[in-house]
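Tertiary structure, described
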Amino acid sequence: MIVHQILSGAGLHDAITTEALMFRERFGAWGWGGGDFAARIGAGIDGEISPLTRLRAEREALLLLHHSAGAPGLTELLSLPNRKLLLYHNVTPAAWLWDHAPLVAVHCALGRAQLPELVRRVDLAAADSEFNAAELRARGARRTEVVPLLVNRDRLGPVPAGMQGGDPTRTPTVLFVGRLSPHKRQEEVIRTFSLYRRWRAPDARLLLVGDPLTVEYAEHLRLLADQLAPGAVSIESGLSDGELGDRYRAADVFLCLSQHEGFCIPVLEALHFGLPVIARPVGAIPEVAGDAALLVEDRDPAVLAELLHLAVTDLPLRAELRRRGRARLALFAPELVAARLRAAVEATASPRTRSSSTDRDVRDVVDQAS
Amino acid sequence: MTDPESAVERARQSAAARRAQGAYPEPVSTAQPEPESLVSADKLLQWALIEPDVRNVRSTRRLGAPITALKRVLLRLLSQYHDGLIAEQSRFNAHLLITVLRLQDRVEQLEQRLPREGGER
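Residues numbered from 1 in each chain as written. Chains lettered and ligands numbered in written order. Predicted model: local features only at pLDDT ≥ 70, side-chain atom pairs only at ≥ 80, totals over all residues. Heavy atoms only, no water.

Residue and element names in this part refer to chain A. A large share of strand 8 (residues 173–177) lies buried, amounting to five of its five residues. By the alternation rule, side chains of strand 8 split into Thr 173, Leu 175 and Val 177 and Val 174 and Phe 176, which are all buried. When strand 8 meets strand 9 (residues 205–209), the two strands line up parallel, connected through five bridges. The residue bridging Val 174 from the neighbouring strand is Leu 206, located in strand 9. Tracing the backbone out of strand 8, into helix 5 (residues 186–199) and back to the parallel element strand 9 gives a crossover that is right-handed. Of the strand pairs in this sheet, strand 8 and strand 11 (residues 253–256) are connected by two bridges, and their pairing is parallel. Residue pairing for strand 11: Leu 175 is matched across the bridge by Phe 254. (Buried < 20%, exposed > 50% of the residue type's maximum accessible area, 1.4 Å probe, protein only. Helix = DSSP H or I, 4+ residues; strand = E, 2+ residues; numbered from the N terminus. Pairing = 2+ DSSP bridges. Right-handed = clockwise from strand over helix to strand, strands pointing away.)

And the structure:
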């Protein structure tokens, strides 16, 4: 089989690019050929992803369209006779971005606008979470499949043995990993942390890790941190996998107040390192974290600060969350995800897919794989 | 032990108790509301007039100060070209926006007249 992957954009620390490269490894192991292409390619990944203009799709090749933003040339792609599998990763609502990064907002608005046409013209529509799949159905997909994100957690290095954190002699460290962007609500994390530090843990530290949406937005966060918790907040970008693993190992609790998540890999990574996770129950977070995280809707930062204190100091609570986290991770094991991916690709390649009888056929293949 | 299901409730109680003792005097919510998905006319007018901030032109490399200076000199040298470009684009944006707002007003006026005309039939 030949599978060409097409991304709207590719970047060095981009989760979807990373996943596409992991897919390619799997495809290679299954004896499948093909290439990986993107409309926009960032620095540092030359050679691994080719410009979309170089795509020459053989008639028998299958196109796997990763959709997370507006894709130029989509109409031409969709008019190709090849069979097509859509993998929807969700698109950040543009409303969060207009003030800070107008061009990115345009790409996001375009990405959402393209969704109905994509859904209508692919042979099978899949998404990396049920939350995203529901959006596909709302845009007209008759049936959808869920192929969770393939996450290589081993790249982050070893997990410390025994109970991590909770040591009263240790400086509590709060961690959030995610793009420095308004919808991730790092501002709210900083405000919550400043209260936690003031009323519960005067020597606590906050680590914010993520590539900035813009230099200006990162500067805005730094100024806010200097104002509310001077000297206690580190904001880091461009970390290697090993360095990111070090940040997880140094943390005592993971605080995610993001308002939009199509999947949220860092939640899984935090569970992998045995960290208690506090998060907003938005987007795909409830289905990814399940009962292994403390999901909180409260807007009162005092409640969030007290919850941080509880998650850091209550050792039995930490142990229970860690136990549940391990069970949760098993549901996202790479082999299970790879099996679902393979089933979705094979179902798309099947000429029976997309007819009225395909719903059952695809479901059978995917169920067998799971 | 606090079981995970009751942790949030315990945090609420703890926050209320500590607040009663004088802690957490800040406003109850510091969270910002989610942005509106539709941009207001005022905002559109603000965006229509393009005013790039030269302070945003910089090098992000380490020891990038000379590159920043070079970029700003280049901008100054090309300012006639850029000023013309910005003026033309802003003029188009503003006129387009004014046209859209006029059309919006006319649609609203027509919508207000519709029920009355319907009732006369």
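Moving on, we come to the layout of surface pockets. What the second largest pocket holds in volume is close to 690 Å³. As for the second largest pocket, its lining consists of 17 residues, of which Trp 98, Asp 99, His 100 and Pro 102 of chain A together with Asn 56 of chain B are closest to the centre. Mapped onto the lining of the second largest pocket, the elements with two or more residues apiece are helix 3 (102–121) of chain A together with helix 2 (41–48) of chain B. Tallied by class, residues from the lining of the second largest pocket come to seven nonpolar, four polar and six charged. (1 Å grid on protein atoms, 1.4 Å probe; cavity = no way out; pocket = protein on both sides within 12 Å on 5 of 7 lines; lining within 4 Å. Points joined across faces, edges and corners; volume = space filled by probe spheres on them. Nonpolar A, V, L, I, M, F, W, Y, C, P; charged D, E, K, R; others polar.)

Further remarks concern the environment of Ala 347 of chain A. All names here are of chain A. When you line up the elements, Ala 347 lands in helix 12 (residues 334–349). Assessed through its relative accessible area of 3%, Ala 347 is described here as buried. Sequence-wise, Ala 347 and Leu 85 are 262 residues apart; in three dimensions their C-alpha atoms are separated by 9.2 Å.

Time to look at the interface of chain B and chain A. Contacts between the two partners involve 35 residues from chain B, matched on the other side by 35 residues from chain A. Between chain B and chain A, roughly 2900 Å² of surface is buried when both sides are summed, and carbon and sulfur atoms account for 59% of that area. In this structure, the connection of chain B to chain A is made through seven salt bridges. Summed over the shared surface of chain B and chain A, the number is eight residue pairs in polar contact (both at pLDDT 80 or more). Taken together, the elements giving at least two residues each to the side of chain B that touches chain A come down to helix 1 (4–20) and helix 2 of chain B. The greatest single-element share of the side of chain B that touches chain A, amounting to 11 residues, is contributed by helix 1 of chain B. Of the residues contributing to the side of chain B that touches chain A, the split by class is 15 nonpolar, nine polar and 11 charged. (Contact = heavy atoms within 4.5 Å. Buried area = accessible area lost by both parts, 1.4 Å probe. Salt bridge = Lys/Arg side-chain N within 4 Å of Asp/Glu carboxyl O. Polar contact = N/O pair within 3.5 Å; in protein donor to acceptor, adjacent residues only side chain to side chain.)

Moving on: the pattern of salt bridges. Enumeration over the complete set of coordinates arrives at 29 salt bridges over all chains. Two residues, Arg 112 of chain A and Glu 135 of chain A, come together in a salt bridge whose shortest N-O distance is 2.5 Å. Placement of the pair is Arg 112 of chain A in helix 3 and Glu 135 of chain A in helix 4 (residues 130–138), with a sequence separation of 23 residues. Members of the salt-bridge network, linked through shared partners, are Glu 320, Arg 323 and Arg 324 of chain A together with Glu 5 of chain B.

It is worth spelling out the confidence of the model for chain A at this point. Mean pLDDT over chain A stands at 89; residues scoring 70 or higher make up 93%. Across residues 355–366 of chain A, where pLDDT falls below 50, the model places 18 contacts with residues more than four positions away in sequence or in other chains. (pLDDT = per-residue confidence, 0-100.)

With that out of the way, let us pick up the confidence of the model for chain B. Low-pLDDT portions of the prediction should not be read for the details of their coordinates. Per-chain confidence: chain B averages 84 in pLDDT, with 88% of residues scoring 70 or above. No element of chain B has a lower mean pLDDT than helix 2 of chain B, at 81, and none a higher one than helix 1 of chain B, at 95.

What follows covers a nonpolar patch on the surface. All names here are of chain B. Together, Leu 70, Val 73, Leu 74, Leu 77, Leu 78, Tyr 81 and Leu 85 make up a nonpolar patch on the protein surface, roughly 720 Å² of accessible area in all. Looking at the nonpolar patch, the elements with two or more residues in it are helix 3 (65–77) and helix 4 (79–120). Ranked by residues supplied to the nonpolar patch, first place goes to helix 3 with four residues. Tracing the sequence through the fold places Leu 70 in helix 3. By relative accessible area, which is 52% here, Leu 70 ends up exposed. (Patch = residues over 30% accessible without salt bridge, like charges linked within 9 Å, V, L, I, M, F, W, Y side chains within 5 Å. Areas by Shrake-Rupley, 256 points an atom, 1.4 Å probe, with all protein chains shown as cover.)

The next subject is empty space enclosed by the protein. Residue and element names in this part refer to chain A. Scanning the model with the defined rule gives one cavity of 30 Å³ or more in all. What the largest cavity holds in volume is close to 80 Å³. The set of elements that each furnish at least two residues to the lining of the largest cavity consists of strand 1 (3–10), strand 4 (62–67) and helix 2 (74–78).

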